[in-house]
Amino acid sequence: MSSVMNADQLVEMGKLRTEWAALEMPVLALERERLVKERTFDGMRIAICAHLTSETANLGRALVAGGASLAMTASNPLSTQDDVVELMRSEGARVHGKKGEDIDSYNEGIVEAVGTDPHLVIDDGGDLISYIHLHRKDLIGNVIGGAEETTTGVKRLRNMEKAGTLLFPVIAVNDCQTKMLFDNRYGTGQSTIDGILRATNRMIAGANFVVGGYGWCGRGVASCAKGLNAHTIVTEIDPVRALQAAMDGHRVMTMEEAAEVGDFFVTTTGNRSIIRLEHMTRMKDGAIIANSGHFDVEIDMDDLRNAAKSTRPVRHCLDEFEFQNGRRIYVVGEGRLSNLASAEGHPASVMDMSFADQVLSLEYLVKNKGNLSNAVHRIPLELDQRVAMLKLKTMGVEIDQLTEKQNEYLNAWESGT
Ligand SMILES: NC(=O)c1ccc[n+]([C@@H]2O[C@H](COP(=O)([O-])OP(=O)(O)OC[C@H]3O[C@@H](n4cnc5c(N)ncnc54)[C@H](O)[C@@H]3O)[C@@H](O)[C@H]2O)c1
């Protein structure tokens with residue numbers, strides 16, 4: 001729809017959707033109020049490489065309210081919401097991104113965002129931070145630090161740290177409890193199902209639903225599929241995670257076995273080649289495959305394209321691949337993040353916490369400028385818990401406080417049986 005709208009109409013649509021998301025982002029709103037008073041980011045340039053969604057627009061608005069100037073670019077070629085791009089442009093941010101842009105355009109966006117000579121960077125997947133380190137070392141002196149949103153990005157940055165190539169401090173926002181336990185789990189769970197349903201409108205109840213990887217994302221997807229009465233199957237390489245999946249009530253098997261029985265397949269591993277051609281050729285006619293891991297490497301798409309006798313788009317965000325033997329399989333969103341390609345990404349309510357964590361992480365970097373090593377850090381637990389407390393408060397939930405006696409008991413060792 002957005003392709004037939006002019007820029008003004010897109011701005012209007014972006015405004016409405018961003019306001020709609022803001023209704024479910026009260027914690028970020030509270031942090032924003034504080035930023036306005038404290039002007040934490042006065043005069044600072046912040047570059048964001050993230051999914052350009054209405055929730056990210058609210059994060060951008062909060063940073064601008066705190067005094068920052070903003071450059072934004074997409075962290076995935078298919079996750080961009082064009083109305084959000086126009087809205088943020090109309091509010092003075094420098095924004096690059098278009099839903100469905102090609103890789104050259106995607107890379108140009110990163111070059112442009114980095115080219116604004118940022119003091120702080122927010123990354124989702126590590127592409128922007130790795131670009132600065134590979135191609136714009138000259139700008140690193142001005143970078144106070146970065147904040148990384150997702151598991152795959154944190155993994156890349158930890159590899160940089162190990163190799164001794166990370167040249168400024170980065171906060172692993174993904175590793176905040178108020179991010180990972182909610183965004184990765186419930187956010188990815190619900191929005192992945194949403195993406196699959198929008199692309200296919202298929203019945204999930206009674207179907208065999210295979211989830212590759214049982215991290216927080218995989219758990220979320222498997223539990224949502226189970227909630228819709230699917231027969232869930234999990235594949236894993238980690239024995240403890242596999243055991244957790246088994247005791248959570250999912251069947252656990254190899255992908256080789258699962259390939260023959262699955263109706264739906266979702267990969268959430270952050271690893272490559274989880275669904276390979278040898279699996280796809282065994283799948284039932286009509287099987288649906290989607291990826292919700294960060295990069296489009298979990299399904300061997302090139303091998304599938306080469307092996308297929310024919311391919312055609314059959315619905316919004318759904319491509320059909322037909323093999324020589326007449327069997328057809330269907331891939332959601334070209335094997336890219338299905339929840340953002342085919343749906344709108346996580347609901348605002350969980351992004352509320354993830355983006356409050358982002359704000360607190362950037363503030364932490366500013367307040368500790370010069371005192372943090374060039375490593376991947378976590379923000380202090382108090383900040384993480386502050387987000388949880390604020391979220392509970394906005395949900396109208398109260399919790400007990402430790403009594404003095406309980407506190408003493410928990411800190412003692414003398415008394416036992
Ligand atoms: N779609 C989204 O909106 C969204 C949101 C958050 C995170 N992510 C991405 O999703 C991916 C998973 O994130 P997570 O936090 O759950 O990570 P995680 O590391 O906690 O879990 C990944 C799991 O996959 C398993 N795994 C690895 N290789 C495997 C293989 N060959 N077969 C089966 N299982 C395998 C691991 O053992 C692990 O249990 C990452 O790429 C992350 O960046 C996506």
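In this text, all values refer to a predicted model and were calculated from it rather than measured experimentally.

Visitor: Mind laying out helix H16 (residues 381-394), listing which residues take part and the relevant values?
Guide: Given 3.6 residues to a turn, an α-helix orients residues that are three or four positions apart in the same direction. Along its 14 residues, H16 runs 20 Å from first to last C-alpha, staying within 8% of the 20 Å computed at 1.5 Å per residue. Those residues of H16 lying buried are Asp384, Val387, Leu390 and Lys391. Looking straight down H16, one finds that the buried residues subtend no more than 125° of arc, so they occupy a single side. Away from its buried face, by an angle of more than 90 degrees, H16 presents the exposed residues Glu382 and Lys393. Along its buried surface, H16 packs onto helix H2 (26-38), helix H8 (177-200) and helix H15 (348-367). Downstream of H16 by one or two residues, Gly396 has phi in the positive range, about 75°.

Visitor: Tell me what's going on with the packing of H2 against H15, and back it up with residues and numbers.
Guide: Between H2 and H15, the shortest axis-to-axis distance is 7 Å and the interhelical angle comes to 30°. Judged by the inter-axis angle, H2 sits roughly parallel to H15. Along its contact with H2, which presents Pro26, Val27, Leu28, Glu31, Arg34, Leu35 and Glu38, the element H15 presents Asp352, Phe355, Ala356, Val359, Leu360, Glu363 and Lys367.

Visitor: A description of the site of the ligand should follow, citing residues and the corresponding values.
Guide: The immediate surroundings of the ligand are formed by 27 residues, with Thr150, Thr151, Thr152, Glu236 and Arg241 found nearest. For the ligand, an oxygen atom lies 3.0 Å from a polar atom in the backbone of Cys217. Ser292 has a polar backbone atom sitting 2.9 Å from a nitrogen atom of the ligand. Burial of the ligand by the surrounding chains reaches 88%, relative to a free accessible area of 870 Å². If you list the elements that add at least two residues to the shell around the ligand, you get helix H7 (151-163), H8, helix H9 (216-227) and helix H14 (338-341). Per-class residue counts for the shell around the ligand are seven nonpolar, 17 polar and three charged. Structurally, the shell around the ligand is a two-domain feature, drawing no fewer than three residues from each of domain 1 (2-179 + 346-394) and domain 2 (186-341).

Reading the values: the criteria
- Residues numbered from 1 in each chain as written.
- Predicted model: local features only at pLDDT ≥ 70, side-chain atom pairs only at ≥ 80, totals over all residues.
- Heavy atoms only, no water.
- Helix = DSSP H or I, 4+ residues; strand = E, 2+ residues; numbered from the N terminus.
- Expected span 1.5 Å × (residues − 1).
- Buried < 20%, exposed > 50% of the residue type's maximum accessible area, 1.4 Å probe, protein only.
- Arc of directions from axis to C-beta.
- Contact = heavy atoms within 4.5 Å.
- Axes fitted to C-alpha atoms, helices over the stretch in contact; angles between N-to-C directions.
- Parallel < 35°, antiparallel > 145°, perpendicular 65-115°, else oblique.
- Near = heavy atom within 4 Å.
- Polar contact = N/O pair within 3.5 Å; in protein donor to acceptor, adjacent residues only side chain to side chain.
- Areas by Shrake-Rupley, 256 points an atom, 1.4 Å probe, with all protein chains shown as cover.
- Nonpolar A, V, L, I, M, F, W, Y, C, P; charged D, E, K, R; others polar.
- Domains from an automatic or database assignment.

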